[in-house]
Amino acid sequence: GQQVMQIPQYQHVQEGEDFTTYCNSSTTLSNIQWYKQRPGGHPVFLIQLVKSGEVKKQKRLTFQFGEAKKNSSLHITATQTTDVGTYFCAGSGSGNTGKLIFGQGTTLQVKP
Amino acid sequence: NAGVMQNPRHLVRRRGQEARLRCSPMKGHSHVYWYRQLPEEGLKFMVYLQKENIIDESGMPKERFSAEFPKEGPSILRIQQVVRGDSAAYFCASSPPSGLGEQYFGPGTRLTVT
């Protein structure tokens, strides 16, 4: 079945450093979404990418969708302590049923 | 506009008992999804429902687990004869009528089986 792999599993950075998490799917995706989950919390939607090669920015966050629509990345510039949490990518397959396959997540720790 | 509501937030059951988890989607949303999250892991899709219909249950265990979304009332995820391995956080999410795009998650139900 469809699998979504995400690396790294954990990342510790000093406040002000950049951070990137990568997501790879075993199959072509119709779209990819990114979510953030704070410790003890629930996933919160960040963004959706639909088009091949799409790049979207939200303040210090940059999201990319690969040309083949099988990989994606999230890059955070100049991390802050408020960025702490686990970042998940989630892919929707070609059937586009709304069902999401989540990556394992990257947990970001930011040292002040 | 209330978000996705789940109850109870915490549920403790002994092995062999039944667990019932409830989810009320956001107002105007007709699509409900259930996910399971084990500690330190990602979310695993379980089931996708619309009102009175199961659209995709490919992630549901074949036995002991069932889900419904009746015409009236919340969606229910039911786990019969719980075992320790069922201990997890169960999240419900809802989405607008198109069924595509972002999903709004509830706060989750933390199930502990003793």
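The coordinates are above.
Values in this document were obtained by computation on a predicted structure and should not be read as measured data.

J.: Provide a residue-level description of the interface of chain A and chain B, including the pertinent values.
T.: Opposite the 20 residues of chain A that make contact, chain B presents 21 residues. Carbon and sulfur atoms make up 53% of the surface buried where chain A meets chain B, a total of about 1600 Å² over both sides. Its largest share of buried area at the contact with chain B, chain A owes to H42, K99 and F102 of chain A, together 28% of the area lost on that side. At the junction of chain A with chain B, the criterion picks out 1 salt bridge. Measuring nitrogen to oxygen at the nearest pair gives 3.9 Å for the salt bridge that ties D56 of chain B to K99 of chain A.

J.: Got a sec to walk through the side chain of T62 of chain A? Specific residues and values, please.
T.: Inspection of the secondary structure puts T62 of chain A in strand 7 (residues 61-65). Among all residues touching T62 of chain A, those that are not within four sequence positions of it are V55, K56, K57, S73, L74 and H75 of chain A.

J.: Residues and numbers for the sheet that holds strand 7 (residues 65-68) of chain B, please.
T.: All names here are of chain B. An order of 1-3-8-7 is seen for the 4 strands of this open sheet, with the pairing classed as antiparallel. If you trace the sheet from one side to the other, it starts and ends with strand 1 (5-7) and strand 7, each paired once. Looking at each pair of strands side by side, their axes are set apart by 15° on average, direction ignored. Summarising the sheet, strand 1 and strand 3 (residues 19-24) pair through 3 bridges and their orientation is antiparallel. Note that in strand 3 the partner of M5 across the bridge is S24.

J.: If you had to explain the pairing of strand 7 of chain B to someone new, which residues and values would you point to?
T.: Each regular strand shows side chains that alternate between the opposite faces of the sheet. Residue and element names in this part refer to chain B. In strand 7, alternate side chains face the same way, and those of F65 and A67 are buried while those of S66 and E68 on the opposite face are not. Pairing geometry for strand 7 and strand 8 (residues 75-79), over 4 bridges, is antiparallel. Note that in strand 8 the partner of S66 across the bridge is R78. Turn length for the strand 7-strand 8 hairpin, with the two strands adjacent in sequence and antiparallel, is 6 residues, and the turn residue G73 shows positive phi of about 95°.

J.: Outline the side chain of T109 of chain B, listing residues and values.
T.: Residue and element names in this part refer to chain B. Within the secondary structure, T109 is located in strand 11 (residues 109-113). Side-chain polar atoms of T109 contact the backbone oxygen of P8, separated by 2.5 Å. Discounting chain neighbours no more than four positions away, the residues touching T109 are Q6, N7, P8, R9, L11, L21, A88, A89 and Y90.

J.: A description of the environment of L43 of chain B should follow, citing residues and the corresponding values.
T.: Looking at the element boundaries, L43 of chain B is found in strand 5 (residues 43-50). Considering only alpha carbons, one finds L43 of chain B and A89 of chain B, 46 residues apart in sequence, at a separation of 9.2 Å. Sequence-distant contacts of L43 of chain B, that is, excluding residues within four places in its chain, are made with P43, F88 and F102 of chain A together with Y35, R36, Q37, F91 and F105 of chain B.

What counts, and at which threshold
- Residues numbered from 1 in each chain as written.
- Chains lettered and ligands numbered in written order.
- Predicted model: local features only at pLDDT ≥ 70, side-chain atom pairs only at ≥ 80, totals over all residues.
- Heavy atoms only, no water.
- Contact = heavy atoms within 4.5 Å.
- Buried area = accessible area lost by both parts, 1.4 Å probe.
- Salt bridge = Lys/Arg side-chain N within 4 Å of Asp/Glu carboxyl O.
- Helix = DSSP H or I, 4+ residues; strand = E, 2+ residues; numbered from the N terminus.
- Pairing = 2+ DSSP bridges.
- Axes fitted to C-alpha atoms, helices over the stretch in contact; angles between N-to-C directions.
- Buried < 20%, exposed > 50% of the residue type's maximum accessible area, 1.4 Å probe, protein only.
- Polar contact = N/O pair within 3.5 Å; in protein donor to acceptor, adjacent residues only side chain to side chain.

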